[in-house]
Amino acid sequence: MTPTFEAAPCGFEEATDATPPQDAVCGWVRVGARRDGTDHRSLRLWVVRLPAVRSTGLPPVIRVLGGPEPMRLAYLGGARTTRLRQRHDVVFFDYRGLGRSEPRLSCRVDAVSGDTTDARLASKLRQYAECHRQLEDAGADLDAIASRENARDIDDIARALGYASYYTHGGSYGSVTTLELIRSRPEGLRAAVIGTPLPPNSPLHDTVGSFASALARIQDHCNRTPSCARRHPDLAGTLAKAMDRIDRTPLHHDGRRLLPSDLFNALWSLMAMDDYVWVPSAIEFAAHGDAGALAPWIGANSVGWDFFLPEPGDAFSIVNATVNCQDIARGRPIADDMRAAAERHPHLARAILPADAFDRLCAAWRPSPVPADARDPVSSDLPVLLFSLHFDPVTPPEDARLAKASLPNAILLEHPGGTHVSRVLDTCLVEMEAAFLADPDAPLDSACTAQWQPAEFVLDAFDAYLDAIEAAP
């Protein structure tokens, strides 16, 4: 079907710290639910267009968010958007099933319960099957929620808004969608910025591998600083002791028995966020610190993500479960990958088992079919700016280098002191993105990267960090 734009009031939430843009143009773009000819229904994608401050004739930039998550008002007025709007229209959209896009998905299920890994898996399998049944009864089409369809939505949005050519800017999950768009080679796409990329041919799709890779980089950096090397000479070994402690010593939070996988999830969250500099002392505290302070932190940062998949209920969790089952497994079971990861990284083994949990949950969820070329590298001569962050456990630098290998006109930048959500708004990086999109074929001045510095890890006192979190409003 031909995509069309239907204008509508923006209806921005006023109860927020962010200021709604007064010149935004909002509405829905209607697209086909599936493009394989098997379903003639349509969807409405919520779109917000922010006009350029001054007219330059440059193509617009379509922002492709991570998550997948719905757009937030803070993004519309953020530093990156403000800089790009100096020369470009900037377009945001809500993915299928999310935010104000229609139809919006939801189900009602009981929370996962159980004091053992097997009990939790059985509970979550029932939860996934029940949510899927409710969605099916409501007429929802999970086969329409797919990264390849999301990618094609971007081109439809550009055409519906009247743009003959456009650029994209995507990071994290947005990189998956952007790379799928590049694979399809639409005529209007002229260049792309891809932050923290996750290429389809990544060998680290088992999640555990990317965490272990990030921990190894943290250890390597720690070893270069004498005080850190003395205080934390063996983070993997200390983490093994922490896993053993959680396994053997009953810790509870809000009536939930904490398991080694909960500690993994809590450390994963810490390692991916702005507070990642606390990772060495967090591992030490998990192995030897006060259990009374440890349990609330682990519990608050782990609930809802048993077996690397969210508990379904709202639109965010349902869409995330669907695309994770597609984009991690990529059409084949990953149990063997999990077993191999447990052998390579024995300090993480207890966070992985049972190795087939992810596969069993995705089978209960019944994700949409995966294309035959789903694991093939994305090859294109399109101008692309790639960037990665050195300590990222979600989309590690190895993945960025892998993506570049099949993109001959790509420029790759690696920040030595950031992680998944830290330093993504670095002023130097934002300015280089703007310069690249002003002329993607011109040489890129990267002189400001000489000011980038590696991280300085906090070596102990994790109890003080926990106290500060508890005292925060």
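So, here is what we can say about the structure in this document. (Residues numbered from 1 in each chain as written. Predicted model: local features only at pLDDT ≥ 70, side-chain atom pairs only at ≥ 80, totals over all residues. Heavy atoms only, no water.)

1. What about the overall build of the protein?
Move 1: In terms of regular secondary structure, the protein is built from 18 helices and eleven strands.
Move 2: Across its three principal directions, the C-alpha atoms of the protein cover 60 × 55 × 45 Å.
Move 3: Across the 473 residues in the protein, those meeting the buried criterion constitute 58%.
Move 4: A separation of at least 24 residues holds for 76% of the contacts in the protein among residues at least 6 apart in sequence.
Move 5: Total accessible area on the protein is roughly 19400 Å²; 51% of this is exposed by carbon and sulfur atoms.
Move 6: For the protein, the distance from the average site of its 47 positive side-chain charges to the average site of its 63 negative ones is 2 Å. (Helix = DSSP H or I, 4+ residues; strand = E, 2+ residues; numbered from the N terminus. Buried < 20%, exposed > 50% of the residue type's maximum accessible area, 1.4 Å probe, protein only. Contact = heavy atoms within 4.5 Å. Areas by Shrake-Rupley, 256 points an atom, 1.4 Å probe, with all protein chains shown as cover. Lys, Arg positive; Asp, Glu negative; His and termini not counted. Charge placed at Lys NZ, Arg CZ, Asp CG, Glu CD.)

2. Regarding the pairing of strand S6 (residues 166–171)
Within a regular beta strand, the side chains point alternately toward one face of the sheet and then the other, so they alternate between its two faces.
Move 1: Judged by how many residues are buried, S6 sits mostly within the fold: five of six residues are covered.
Move 2: Looking at chain direction, strand S4 (residues 61–64) and S6 are connected through four bridges and run parallel. Bridging from a neighbouring strand, Arg 63 pairs with His 169 of S6.
Move 3: The sheet contact formed by S6 and strand S7 (residues 189–195) spans six bridges and is parallel. Residue pairing in the sheet places Tyr 167 in a bridge with Ala 191 of S7.
Move 4: In the classification by handedness, the crossover that spans S6, the intervening helix H5 (residues 173–184) and the parallel S7 is right-handed. (Pairing = 2+ DSSP bridges. Right-handed = clockwise from strand over helix to strand, strands pointing away.)

3. Things to note about the packing of helix H12 (residues 315–327) against helix H15 (residues 357–365)
Move 1: The contact between H12 and H15 brings their axes to 10 Å, and the two run at 115°. In terms of crossing hand, the pair formed by H12 and H15 is left-handed. Side by side, H12 and H15 meet where Ile 318, Ala 321, Thr 322, Asn 324 and Cys 325 of the first sit next to Phe 358, Cys 362 and Trp 365 of the second.
Move 2: For the contact of H12 with H15, the per-class residue count stands at six nonpolar, two polar and no charged. (Axes fitted to C-alpha atoms, helices over the stretch in contact; angles between N-to-C directions. Left-handed = near helix turned anticlockwise from the far one by under 90°. Nonpolar A, V, L, I, M, F, W, Y, C, P; charged D, E, K, R; others polar.)

4. Section: the side chain of Ser 388
Move 1: Mapped onto the elements of the fold, Ser 388 is located in strand S10 (residues 384–389).
Move 2: Overall, the relative accessible area of 2% leaves Ser 388 in the buried class.

5. A short note on the packing of helix H9 (residues 260–272) against helix H10 (residues 279–288)
Move 1: Relative to each other, H9 and H10 sit at 160°, their axes nearing to 10 Å. In terms of axis orientation, H9 runs roughly antiparallel to H10. As for how H9 packs across H10, the hand of that crossing is right-handed. Each of Leu 263, Leu 267, Leu 270 and Met 271 in H9 lies in contact with H10, whose residues at this interface are Val 279, Ala 282, Ile 283 and Ala 286.
Move 2: Considering only residue class, the contact of H9 with H10 consists of eight nonpolar, no polar and no charged. (Parallel < 35°, antiparallel > 145°, perpendicular 65-115°, else oblique.)

6. Considering the pattern of salt bridges
Move 1: Scanning the entire structure with this criterion turns up 34 salt bridges.
Move 2: Among the salt bridges present, the one from Glu 6 reaches Arg 30, with a minimum N-O distance of 3.1 Å. With Glu 6 in strand S1 (residues 4–7) and Arg 30 in strand S2 (residues 25–32), this residue pair connects regions lying 24 residues apart in the sequence.
Move 3: A relative accessible area of 26% means that Arg 30 is categorised as partly exposed.
Move 4: Its salt-bridge partner being Glu 6, residue Arg 44 comes within 2.8 Å of it at the nearest N-O pair. You can see Arg 44 sitting in strand S3 (residues 42–50) and its partner Glu 6 sitting in strand S1, a full 38 residues away along the chain.
Move 5: Accessibility expressed as a relative area gives 17% for Arg 44, which makes it buried.
Move 6: A residue is classified by how much of its surface remains accessible, and Glu 6, at 24% relative accessible area, is partly exposed.
Move 7: Salt bridges sharing common partners tie together Glu 6, Arg 30, Arg 44 and Glu 102. (Salt bridge = Lys/Arg side-chain N within 4 Å of Asp/Glu carboxyl O.)

7. Digging into the environment of Val 47
Move 1: In this structure, Val 47 sits in strand S3.
Move 2: Classification of Val 47 as buried rests on a relative accessible area of 1%.
Move 3: For the pair formed by Val 47 and Thr 207, sequence separation is 160 residues and the distance between their alpha carbons is 32 Å.
Move 4: Leaving out residues up to four positions away in the same chain, Val 47 has contacts with Val 25, Cys 26, Gly 27, Val 29, Val 91, Phe 92, Phe 93, Ile 157 and Leu 161.

8. Brief notes about unusual backbone geometry
Move 1: Of note, the amide linkage connecting Gly 67 to Pro 68 takes the cis form, showing an omega dihedral of 0°.
Move 2: Following the sequence through the fold, Pro 68 ends up in the loop between S4 and helix H1 (73–76).
Move 3: The step from Glu 102 to Pro 103 runs through a cis peptide bond, and the omega angle for that step is -5°.
Move 4: By secondary structure assignment, the location of Pro 103 is in the loop between strand S5 (90–93) and helix H3 (117–137).
Move 5: Phi angles above zero are rare outside glycine, and Asp 254 is one such case at about 50°.
Move 6: The topology assignment puts Asp 254 in the loop between strand S8 (252–253) and strand S9 (256–257).
Move 7: Its identity as a non-glycine residue notwithstanding, Phe 308 has a phi of 65°, on the positive side.
Move 8: Here Phe 308 is to be found in the loop between helix H11 (291–300) and H12.
Move 9: Residue Phe 308 is classed as buried on the basis of its relative accessible area, which comes to 12%.

9. Things to note about the state of the cysteines
Think of a disulfide as a covalent bridge from one cysteine sulfur atom to another cysteine sulfur atom.
Move 1: For the structure on display, the rule yields five disulfides.
Move 2: A disulfide bridge connects Cys 107 with Cys 131, and the sulfur atoms are separated by 2.2 Å. Every disulfide takes its handedness from the sign of the S-S torsion; for Cys 107 and Cys 131 that torsion is -100°, giving left-handed. Residue Cys 107 is located in the loop between S5 and H3, and its partner Cys 131 is located in helix H3; the two are separated by 24 residues in the primary sequence. Across the pair, Cys 131 and Cys 107 agree in class, each one buried. (Disulfide = S-S within 2.5 Å.)

10. Comments concerning a negative patch on the surface
Move 1: A surface patch of like charges, here negative, comprises Asp 290, Asp 463, Asp 467 and Glu 470.
Move 2: Within the secondary structure, Asp 463 is located in helix H18 (residues 462–471).
Move 3: Residue Asp 463 is classed as partly exposed on the basis of its relative accessible area of 41%. (Patch = residues over 30% accessible without salt bridge, like charges linked within 9 Å, V, L, I, M, F, W, Y side chains within 5 Å.)

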